[in-house]
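# Descriptive structure summary
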Amino acid sequence: MGKLWFEVLSDFWPHGAVSAEFGVLRSDGVAERALFVIDKSGIIRYIDVHDINQRPLLEDLVRELEKLK
């Protein structure tokens, strides 16, 4: 992924505890494609949820991350 200035978490079944907690784990054990931007205080600043087969616009994610710098 190259150099990133933020931490990344990937949570998937059977390790889906985080996905379940954030409400994006489907009953078949697969998580939706979800992006959550959480600031250093633990406040969710951005949520983008798509079907697993749909790729979110990464430009939107980068814009939201830049706001936290």
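A few points on the structure. Note that this is a predicted model, so its numbers are computed, not measured.

About the criteria used
Residues numbered from 1 in each chain as written. Predicted model: local features only at pLDDT ≥ 70, side-chain atom pairs only at ≥ 80, totals over all residues. Heavy atoms only, no water. Pairing = 2+ DSSP bridges. Helix = DSSP H or I, 4+ residues; strand = E, 2+ residues; numbered from the N terminus. Salt bridge = Lys/Arg side-chain N within 4 Å of Asp/Glu carboxyl O. Buried < 20%, exposed > 50% of the residue type's maximum accessible area, 1.4 Å probe, protein only. Arc of directions from axis to C-beta. Contact = heavy atoms within 4.5 Å.

With that out of the way, let us pick up the pairing of strand β1 (residues 33-38). Sheet faces and side chains relate simply in a regular strand, where the side chains alternate between the two faces. Note: β1 against strand β2 (residues 44-50), 6 bridges, orientation antiparallel. Residue pairing across strands places A34 opposite V49, the latter belonging to β2. Between β1 and β2, which pair antiparallel and follow one another directly, the connecting turn spans 5 residues, one of which, G42, has a positive phi of 85°.

Moving on: the pattern of salt bridges. In the structure shown here, the tally under the stated rule is 7 salt bridges. One salt bridge connects E32 with R26, and the closest N-O pair in it is separated by 3.8 Å. A salt bridge links D51 to R26, with the shortest nitrogen-to-oxygen separation between them at 3.7 Å. Residue D51 is found in the loop between β2 and α2 (58-68), and its partner R26 is found in the loop between α1 (17-21) and β1; the two are separated by 25 residues along the sequence. Since its relative accessible area comes to 27%, R26 is described here as partly exposed. Beyond isolated ion pairs, a larger network of salt bridges with shared partners links R26, D28, E32 and D51.

For the rest of this paragraph, the subject is the environment of L58. Looking at the element boundaries, L58 is found in helix α2. When its relative accessible area of 46% is taken as the criterion, L58 is described as partly exposed. Between the C-alpha atoms of L58 and L35, which are 23 residues apart in sequence, the distance is 9.7 Å.

Burial in α2 covers these residues: L61, E64 and L65. Viewed end-on, α2 has its buried residues packed into an arc of 100°, placing them on one side of the element. Away from its buried face by more than 90 degrees, α2 exposes E59 and K67. Buried-residue contacts for α2 involve β1 and β2.

By themselves these figures say nothing about function.
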